[in-house]
Amino acid sequence: MKAKNTFLLLLCLIPCGIMAQIDKKATPLTKQLYTSLQQLQGRGILFGHQDGLAYGLNPDGSRWTGESGRSDIKTLTGEHPAVAGWDLGHLELDSTSNLDGVPFELMRQRIIEQHQRGGISTLSWHLNNPIDPSKTTWDKVESTIPRILSDKTARRNYQAWLSKVAQFVQSLRDPQSGELVPLIFRPYHEHTGSWFWWGADHCSPEEYQRFWRMTINYLRKKEKVHNLIYAYSTDRFNSPEHYLERYPGDRFADLIGFDIYHRNAPSSNEQFVKDTRQMVTWLKEMGKEHRKITAITETGLEQVTVANWWTNVVAPIIQGSDLTYVLVWRNGRPDHYYAPYPSQPSAQDFLEFVASFNILLENKTAALNLFKK
Ligand code: BMA
């Protein structure tokens with residue numbers, strides 16, 4: 001290409017905010033998905049549900065599990081969620097099921113089906129503590145990250161866990177084309193809080209960043225994983241500086257997002273909208289500046305106790321936000337669920353939310369052909 005043309009191309013790309021993926025060797029499908037998600041910004045928001053394709057709640061509030069082709073969102077709307085959330089916790093222990101009882105074989109199957117329908121999957125990882133694998137993700141063994149960074153044996157043990165993640169994501173292939181399924185990988189989330197062993201009180205910002213970069217480098221370079229889009233997601237934050245305090249750098253994240261839960265509704269409704277709207281505004285600015293796509297990577301009001309929560313609380317937060325997706329947490333138990341199901345008090349409002357606020361479920365997402373070549 002002539003120098004002048006290259007210059008013109010650059011001129012066009014920079015203001016459009018187009019950013020190449022951090023993994024230069026990403027598979028063509030992964031690159032295509034990332035480009036499609038960039039192009040989607042401002043045009044519609046994908047709706048996600050954690051574990052939504054693995055289990056949920058019946059209209060009488062009891063649990064169902066493992067049924068093929070079922071999800072609570074589909075029962076209510078006729079379509080699966082556009083984004084399926086999954087958690088790899090306990091894969092590192094060689095368990096057959098994850099920490100919430102989802103068999104990894106079922107997860108593998110559902111991720112492939114989700115891809116075949118034109119949808120996306122995202123993976124979080126509530127892993128146990130690599131320094132003492134008998135301790136859960138919530139056990140704060142002193143200085144886990146500093147020890148992994150400084151002690152060779154600890155690092156090797158941790159990297160052996162990463163190899164299991166690599167093996168899992170590299171086992172996800174479209175049976176027709178044989179191509180690897182692209183995924184959004186979102187490790188070490190909510191690290192502005194301190195409830196996980198990688199949280200703010202348990203390592204310095206610099207240690208967190210080094211740990212993150214080592215993790216991504218190991219997956220990319222040692223394990224040659226090239227079907228991941230990397231998501232960096234905090235919990236609540238009180239300024240862009242706070243958000244970016246532990247950010248590993250533009251070469252180590254593709255998507256930036258945050259997790260936020262609504263508690264004490266309805267008295268806190270207004271405050272929640274105000275605070276979350278502020279974070280979404282900052283996120284949009286940071287997304288533009290760093291040329292990253294953005295998402296609310298986890299949210300929800302437990303038991304969706306406000307009947308018009310979707311149109312009255314979520315809608316004002318996400319309007320004009322340019323977010324790529326919003327994911328609600330799992331429908332785990334009758335007292336611990338975040339998505340509506342038929343007969344749930346907010347079910348009607350959810351239908352209105354989807355229809356009126358450009359919320360994309362399975363069908364519209366498939367029509368976008370996010371993986372087109
Ligand atoms: C939490 C709860 C827990 C679950 C964990 C990891 O928010 O849903 O029950 O084990 O996420 O998925």
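Above this text you will find the structure in question.
Here the structure is a predicted model, which means the values were calculated and not measured.

A.B. asks: An account of the pattern of salt bridges is requested, with residue identities and associated values reported.
C.D. replies: Applying the stated criterion across every chain yields a total of eleven salt bridges. With its nearest N and O atoms 3.1 Å apart, the salt bridge here joins E67 to R70. By relative accessible area, which is 35% here, E67 ends up partly exposed. Take R70: its relative accessible area is 18%, and that puts it in the buried class. Between E105 and R108 there is a salt bridge whose closest N-O contact spans 2.8 Å. Here R108 and E105 lie together in helix α4 (residues 104-116), a separation of three residues that amounts to about one turn. Ionic contacts of the salt-bridge type, sharing partners, join the residues R186, D259 and E298 into one network.

A.B. asks: Quick one: what's the story with the packing of aromatic side chains, residue by residue and with numbers?
C.D. replies: Scanning the entire structure with this criterion turns up 28 aromatic pairs. Residues Y188 and W198 carry aromatic rings whose centres are separated by 5.1 Å and whose planes lie at 75° to one another, so their mutual orientation is edge-to-face. Of this pair, Y188 sits in the loop between β6 (183-186) and α7 (205-222) while W198 sits in the loop between β6 and α7, and the two are ten residues apart along the sequence. Neither residue differs from the other here; Y188 and W198 are each classed as buried. When the centroid spacing of 5.8 Å and the interplanar angle of 40° are considered together, the rings of W310 and F353 count as tilted. Placement of W310 in helix α10 (residues 309-318) and of F353 in helix α11 (residues 347-356) is noted, with a sequence separation of 43 residues between them. F353 matches W310 in its accessibility class, with the two residues each being buried. Taken together, the ring pairs in this structure connect W125, W138, Y158, Y188, W195, F196, W197, W198 and F211 into an aromatic cluster. Sitting over the face of the ring of Y55, R63 holds its NZ or CZ atom 4.7 Å from the ring centroid. Sitting over the face of the ring of F252, R213 holds its NZ or CZ atom 5.9 Å from the ring centroid.

A.B. asks: Any chance you could break down empty space enclosed by the protein for me, citing the residues and the numbers?
C.D. replies: Within the structure shown, the criterion is met by two cavities of 30 Å³ or more. Roughly 50 Å³ of internal volume is contained in the largest cavity. I260, F272, T276, I296, T299, W309, V314, I317 and V326 are the residues that line the largest cavity. Broken down by secondary-structure element, the contributors of at least two residues to the lining of the largest cavity are α9 (269-290), β9 (293-301) and α10. Looking at the lining of the largest cavity residue by residue, the class counts come to seven nonpolar, two polar and no charged. A volume near 30 Å³ is recorded for the second largest cavity. Contributing to the lining of the second largest cavity are L53, G69, R70, H80, R110, E113 and R117. The residue makeup of the lining of the second largest cavity, split by class, is one nonpolar, two polar and four charged.

A.B. asks: So, the packing of α9 against α10: which residues are in play, and what are the values?
C.D. replies: Where α9 meets α10, the axes come as close as 8 Å, and the angle between the chain directions of the two elements is 30°. Looking at the two axes, α9 sits roughly parallel to α10. As α9 runs across α10, the sense of the crossing is right-handed. Within the contact between the two elements, α9 uses N269, F272, V273, T276, R277 and V280 and α10 uses W309, N312, V313, P316, I317 and I318. Here the contact of α9 with α10 is composed, by residue class, of eight nonpolar, three polar and one charged.

A.B. asks: Please provide a residue-by-residue account of the site of the ligand, values included.
C.D. replies: As a matter of local geometry, the ligand sits amid L99, D100, H126, W138, W329, R330 and H336. In the model, an oxygen atom of the ligand is placed 3.0 Å from a nitrogen or oxygen of the W329 side chain. H336 places a polar side-chain atom, nitrogen or oxygen, 2.6 Å from an oxygen atom of the ligand. Relative to its unbound accessible area of 310 Å², the ligand is 76% covered by the protein chains. Applying the majority rule of atoms within 2 Å of the grid points places the ligand in the largest pocket. When the residues that make up the shell around the ligand are grouped by side-chain class, the tally is three nonpolar, two polar and two charged.

A.B. asks: Tell me what's going on with the side chain of S268, and back it up with residues and numbers.
C.D. replies: Turning to its location among the elements, S268 is positioned in the loop between β8 (255-262) and α9. Every residue in contact with S268, bar those within four places of it in the chain, is listed here: H262 and R263.

A.B. asks: Give me unusual backbone geometry: which residues, what numbers.
C.D. replies: Each neighbour pair has its own omega, and for A265 with P266 the value is 0°, a cis peptide bond. For P266, the position within the fold is in the loop between β8 and α9. With a phi close to 65°, D322 is a non-glycine residue in the positive phi region. Position of D322 relative to the elements: it lies in the loop between α10 and β10 (325-328). Within the chain, N369 stands out as a residue other than glycine whose phi angle is a positive 55°. By secondary structure assignment, the location of N369 is in the segment after α12 (362-368).

Cut-offs applied
- Residues numbered from 1 in each chain as written.
- Predicted model: local features only at pLDDT ≥ 70, side-chain atom pairs only at ≥ 80, totals over all residues.
- Heavy atoms only, no water.
- Salt bridge = Lys/Arg side-chain N within 4 Å of Asp/Glu carboxyl O.
- Buried < 20%, exposed > 50% of the residue type's maximum accessible area, 1.4 Å probe, protein only.
- Helix = DSSP H or I, 4+ residues; strand = E, 2+ residues; numbered from the N terminus.
- Phe/Tyr/Trp six-rings, centres within 6.5 Å; stacked < 30°, edge-to-face > 60°.
- Lys NZ or Arg CZ within 6 Å of the ring centre and 35° of its normal.
- 1 Å grid on protein atoms, 1.4 Å probe; cavity = no way out; pocket = protein on both sides within 12 Å on 5 of 7 lines; lining within 4 Å.
- Points joined across faces, edges and corners; volume = space filled by probe spheres on them.
- Nonpolar A, V, L, I, M, F, W, Y, C, P; charged D, E, K, R; others polar.
- Axes fitted to C-alpha atoms, helices over the stretch in contact; angles between N-to-C directions.
- Parallel < 35°, antiparallel > 145°, perpendicular 65-115°, else oblique.
- Left-handed = near helix turned anticlockwise from the far one by under 90°.
- Contact = heavy atoms within 4.5 Å.
- Near = heavy atom within 4 Å.
- Polar contact = N/O pair within 3.5 Å; in protein donor to acceptor, adjacent residues only side chain to side chain.
- Areas by Shrake-Rupley, 256 points an atom, 1.4 Å probe, with all protein chains shown as cover.
- Sits in = over half its atoms within 2 Å of the grid points.

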